[in-house]
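A structural walkthrough
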Amino acid sequence: MKTCDIIIPVWNQLSFTRDCIDSIVKNTFGEYGIIVIDNASGEETKKYLEALKASSGLPLKLIRNEENVGFIKAVNQGMSASDSPLVCLLNNDTLVTKGWLKEMVDVAN
């Protein structure tokens, strides 16, 4: 069972987004999900996110907004799409370290 969904609002900044997701994959253990809300990013970021969802095998939900609805609305979309008991909000320029989510879940519980 998933313990936490990681919610990441994205608006362009492809290199940051790629590095953020790579750090999650490398440093996150246990059952988790990733919910990315694409706030009307340009074509390059849009294609990356669609390819990631289609081919990565990650527990990834992708929500695409056709216009930028802002950070708060995007986060609320992610929270509404979550079916986990806990959520963690990350900016797309965040790099996580080994074991980061377990510590946060332990503190929350």
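Before any of the text, the structure's been laid out above.
Okay, so let's go over this structure. Numbering of residues starts from 1 in each chain and follows the order in which that chain's sequence is written. Given that this is a predicted model, residues contribute local features only at a pLDDT of at least 70 and side-chain atom pairs are listed and counted only at 80 or more, while totals for whole chains, interfaces and linings are drawn from all residues. Side-chain descriptors were evaluated using all non-hydrogen atoms of the structure, hydrogens and water having been removed beforehand.

**Considerations on the side chain of T45**
With respect to the secondary-structure elements, T45 resides in helix α2 (residues 43-55). Working definition: with a 1.4 Å probe on protein chains only, accessible area under 20% of the residue-type maximum means buried, over 50% means exposed, and in between means partly exposed. For T45, a relative accessible area of 4% corresponds to the buried category. Contact criterion: two residues are considered in contact whenever any of their non-hydrogen atoms come within 4.5 Å of each other. When near neighbours in sequence (up to four residues on either side) are disregarded, T45 contacts V10, N12, Q13 and L14. Where helices and strands are cited, they refer to DSSP runs of H or I of at least four residues and of E of at least two residues respectively, numbered from the N terminus.

**Observations concerning the pairing of strand β2 (residues 32-39)**
The buried count for β2 comes to eight of eight residues, which makes it a mostly enclosed element. Being paired, for any two strands, means DSSP has found at least two bridges between them. The pairing of β2 with strand β3 (residues 60-65) spans six bridges and is classified as parallel. Its bridge partner lying in β3, D38 is registered against R64. For a crossover, the right-handed case is the one in which the path from the first strand over the helix to the second runs clockwise, viewed with the strands pointing away from the viewer. Once the chain exits β2 it traverses α2 before rejoining the sheet at β3, and the crossover so formed is right-handed.

**Thoughts on a nonpolar patch on the surface**
A cluster of nonpolar side chains, namely M79, V87 and L89, defines an oily patch on the protein surface of about 240 Å² accessible area. If you trace the backbone, L89 turns up in strand β4 (residues 87-89). L89 gets classed as partly exposed once you look at its relative accessible area, which sits at 43%. Patches were defined on residues exceeding 30% relative accessible area and lacking a salt bridge, with like-charge contacts within 9 Å and nonpolar side-chain contacts (Val, Leu, Ile, Met, Phe, Trp, Tyr) within 5 Å. In this description, accessible areas are obtained by the Shrake-Rupley approach with a 1.4 Å probe, and a residue is regarded as covered only by the protein chains that are shown. In what follows, salt bridge is the name for a side-chain nitrogen of Lys or Arg lying within 4 Å of a carboxyl oxygen of Asp or Glu.

Nothing here speaks to function; it is geometry throughout.
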